[in-house]
Amino acid sequence: MRYYDKLIFDLSHPGRTGYSLPSDFACGQVSCSDLPENLLRRSALDLPEVSEVDVVRHYTNLSQMNFGVDTGFYPLGSCTMKYNPKINEEIASHPAFAGLHPLQPAETVKGAQAVIDGLDASLAVITGMKHFTFLPCAGAHGELTGLMLMREYHLAKGDTARTKVIVPDSAHGTNPASAAVCGLEIVEVKSGADGLVDVESLKPLLGPDIAGIMMTNPNTLGLFERQIGEIARLVHECGGLLYYDGANMNPLLGKVRPGDMGFDIMHLNLHKTFSTPHGGGGPGSGPVGVGERVLPYLRIPRTSGFHGNFGVMMRAYAYILMLGRENVKMAGPLATLSANYIKESLKDCYKLPILTVCKHEFVFDGLVNDGAREGKAGATTLDVAKRLLDYGFHAPTIYFPLLFHQAIMIEPTETESLETLDSFIEVMRRIAAEAAEDPDILHGAPHNAPIGRPDETAAARNPILKA
Ligand SMILES: *Cc1c(COP(=O)(O)O)cnc(C)c1O
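Residues numbered from 1 in each chain as written. Predicted model: local features only at pLDDT ≥ 70, side-chain atom pairs only at ≥ 80, totals over all residues. Heavy atoms only, no water.

### A look at the overall build of the protein
Step number 1: If you tally the helices and strands in the protein, you get 15 helices and 12 strands.
Step number 2: Along the longest, intermediate and shortest principal axes, the C-alpha atoms of the protein span 75 × 70 × 40 Å.
Step number 3: The buried share of the protein, taken over its 467 residues, is 45%.
Step number 4: Within the protein, contacts between residues separated by at least 24 positions form 70% of all contacts whose residues are at least 6 apart in sequence.
Step number 5: Only carbon and sulfur atoms are counted for the fraction: they give 57% of the accessible area of the protein, which is about 23,400 Å².
Step number 6: Positive and negative charge centroids in the protein, built from 40 and 53 side chains respectively, lie 3 Å apart. (Helix = DSSP H or I, 4+ residues; strand = E, 2+ residues; numbered from the N terminus. Buried < 20%, exposed > 50% of the residue type's maximum accessible area, 1.4 Å probe, protein only. Contact = heavy atoms within 4.5 Å. Areas by Shrake-Rupley, 256 points an atom, 1.4 Å probe, with all protein chains shown as cover. Lys, Arg positive; Asp, Glu negative; His and termini not counted. Charge placed at Lys NZ, Arg CZ, Asp CG, Glu CD.)

What follows is the structure in structure tokens.
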């Protein structure tokens with residue numbers, strides 16, 4: 001064990017202090033001696049007694065045990081781990097915004113309202129929707145909100161029979177989950193061999209019981225649904241609406257708009273496409289946009305209690321304004337180019353089930369040569385992901401989508417340099433060579449991360465949050 005792997009409690013020495021307050025210390029108007037007797041602690045807090053430098057080292061070392069988009073390349077498919085320029089943080093934490101109280105009278109927060117309105121207008125231009133609500137605080141929350149709007153649209157017309165929603169088999173798991181939470185019955189539509197929604201399989205599903213369809217385009221395999229115009233026509237013709245999962249809007253920025261493809265309702269993940277990195281349970285923002293048909297049902301006010309996750313909205317707005325109309329358009333094509341570059345550079349050592357040009361992400365189905373031989377198990381996708389950590393890269397998304405058994409889903413973003421992409425490719429090739437030679441090297445990985453292979457189910461079900 002390294003010295004700094006010790007817990008801060010292990011470093012504790014009775015009587016050692018890092019900081020002390022004068023005995024007559026007053027906090028604002030109140031000094032400790034003013035507090036009523038019954039509110040005072042009777043026993044000392046069980047805190048470690050350590051010096052300031054111990055505390056600084058403890059937290060600094062803890063922070064370095066984590067992998068983040070600020071420490072390295074993070075090619076997590078379907079998550080768009082995009083670098084968040086530091087100026088966004090500076091703007092979002094400006095005291096004029098960060099110091100606002102959520103219950104301040106509206107006439108004193110006109111600046112914040114202007115940010116929300118400006119962001120609404122920018123997102124409307126980018127997506128082809130009419131207006132957004134910033135109530136939802138995550139992508140899945142946006143899906144639920146959008147589906148409730150869909151239901152309201154039908155109910156307002158007295159149409160109570162529409163209880164089913166169509167979801168492609170390639171959909172992100174949150175789509176059927178949100179539909180179920182909304183009380184809708186899920187009807188699955190199959191993808192064809194090309195990974196796209198099969199229009200002929202869709203036709204017989206459409207009828208007076210269909211509330212709508214939930215899709216994402218490019219879909220979860222990173223493929224553009226070329227028949228989207230025809231799908232929109234068919235769904236509208238049967239009286240249904242089209243819901244667009246815009247969590248992964250990145251490749252479309254400035255190129256294609258869900259509104260123009262025929263979608264009526266959509267959500268965005270500001271915490272993916274618009275520069276707040278996704279993951280780690282941090283704050284999110286999943287605004288829902290609507291087109292002409294659904295506009296009358298959008299709720300006023302359009303921000304949730306305490307105005308949603310305003311810091312995420314500030315970052316998104318700063319990001320959009322800083323890039324400007326012209327440069328927002330560069331993000332999608334650059335991200336798409338990066339994804340195709342990696343895909344083409346690795347397809348001789350990783351199985352590529354779908355050969356066509358991908359959008360912002362693509363899926364491999366395990367190794368071409370996993371090193372399996374008599375008496376020796378081959379290297380799996382999990383092994384490749386764990387081995388990447390040894391080389392300083394975060395793992396891609398694995399075992400998703402479920403259409404492939406050994407799925408490795410890779411998504412670079414436009415913020416990565418050619419040199420970064422090249423070193424990732426080199427490492428992925430080296431790992432493939434290691435697997436072919438001796439898969440045990442991969443079975444034991446990661447060899448130099450602070451934590452090896454935790455039992456993820458146990459970690460989620462029985463988390464130990466303190467030592
Ligand atoms: C991330 C993601 C979601 C869910 O977003 P959360 O903010 O995690 O709830 C939904 N759909 C797709 C396609 C996604 O990638």
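### Here we look at the sheet that holds strand E10 (residues 362–365)
Sheets are built from strands that pair by backbone hydrogen bonding, the pairs being arranged parallel or antiparallel.
Step number 1: What the 3 strands build is an open sheet, ordered E10-E12-E11; its pairing is antiparallel. Among the strands making up the open sheet, the edge pair consists of E10 and strand E11 (397–398).
Step number 2: Sheet topology places E11 next to strand E12 (residues 407–410); 2 bridges connect them, and they run antiparallel. Its bridge partner being in E12, Thr-397 is matched across the sheet by Met-409.
Step number 3: Contacting E10 and E12, helix H11 (residues 310–346) crosses the sheet at an angle of about 20 degrees to E10. (Pairing = 2+ DSSP bridges. Axes fitted to C-alpha atoms, helices over the stretch in contact; angles between N-to-C directions.)

### Concerning unusual backbone geometry
Step number 1: Omega for the bond connecting Asn-217 with Pro-218 falls within 30 degrees of zero, at 5 degrees, which places this linkage in the cis form.
Step number 2: Relative to the helices and strands, Pro-218 is located in the loop between strand E6 (210–215) and helix H8 (228–237).
Step number 3: Put simply, Phe-400 and Pro-401 share a cis peptide bond, and its omega is 0 degrees.
Step number 4: By the secondary structure assignment, Pro-401 is in the loop between E11 and E12.
Step number 5: Despite not being glycine, Thr-80 has its phi angle at roughly 45 degrees, a positive value.
Step number 6: Within the secondary structure, Thr-80 is located in the loop between helix H1 (52–64) and helix H2 (86–92).
Step number 7: Positive phi is not limited to glycine here, since Ser-275 has a value of about 85 degrees.
Step number 8: Among the structural elements, Ser-275 can be located in the loop between helix H10 (270–273) and strand E9 (288–290).
Step number 9: Residue classification places Ser-275 among the buried residues on the basis of a relative accessible area of 0%.

### So, the side chain of Thr-220
Step number 1: Following the sequence through the fold, Thr-220 ends up in the loop between E6 and H8.
Step number 2: With a relative accessible area of 5%, Thr-220 lands in the buried category.
Step number 3: Of note is the side chain of Thr-220, whose polar atom sits 3.1 Å from the backbone oxygen of Ser-170.
Step number 4: Those residues in contact with Thr-220 that sit more than four places away from it in its chain are Ser-170, Ala-171, His-172, Glu-361, Phe-400, Pro-401 and Met-409. (Polar contact = N/O pair within 3.5 Å; in protein donor to acceptor, adjacent residues only side chain to side chain.)

### Examining the layout of surface pockets
Step number 1: For the second largest pocket, the calculated volume is near 440 Å³.
Step number 2: Taken together, 18 residues form the lining of the second largest pocket, with Ile-8, Leu-47, Pro-48, Val-50 and Tyr-59 sitting closest to its centre.
Step number 3: Among the residues making up the lining of the second largest pocket, the classes are represented as 10 nonpolar, 4 polar and 4 charged. (1 Å grid on protein atoms, 1.4 Å probe; cavity = no way out; pocket = protein on both sides within 12 Å on 5 of 7 lines; lining within 4 Å. Points joined across faces, edges and corners; volume = space filled by probe spheres on them. Nonpolar A, V, L, I, M, F, W, Y, C, P; charged D, E, K, R; others polar.)

### Observations regarding the pairing of E12
Step number 1: Side chains Ala-407 and Met-409 project from E12 onto one buried face, and the interleaved Ile-408 and Ile-410 project onto a second face that is buried too.
Step number 2: Note: E10 against E12, 4 bridges, orientation antiparallel. From the neighbouring strand, Asp-365 faces E12, where its bridge partner is Ala-407.

### Quick look at the state of the cysteines
Step number 1: According to the stated counting rule, one finds 0 disulfides in the structure shown.
Step number 2: With no disulfide of its own, Cys-182 lies 17 Å from the sulfur of Cys-238, the closest cysteine sulfur.
Step number 3: The thiol sulfur of Cys-349 is not disulfide-bonded, and the nearest other cysteine sulfur, from Cys-358, lies at 16 Å. (Disulfide = S-S within 2.5 Å.)

### Quick word on the site of the ligand
Step number 1: Taken together, 14 residues are adjacent to the ligand, and Ser-78, Gly-139, Asp-245, His-271 and Lys-272 come closest.
Step number 2: Taking Gly-139, its main chain carries an N or O atom lying 2.8 Å from an oxygen atom of the ligand.
Step number 3: Side-chain polar atom of Asp-245 to a nitrogen atom of the ligand: 2.5 Å apart, as the coordinates give it.
Step number 4: Protein coverage of the free-state accessible area of the ligand, which is 380 Å², stands at 90%.
Step number 5: Put simply, the parts of the chain that give the shell around the ligand at least two residues each are helix H5 (139–156) and H10.
Step number 6: By residue number, the principal contributor to the shell around the ligand is H5, which donates 3 residues.
Step number 7: Tallied by class, residues from the shell around the ligand come to 3 nonpolar, 8 polar and 3 charged. (Near = heavy atom within 4 Å.)

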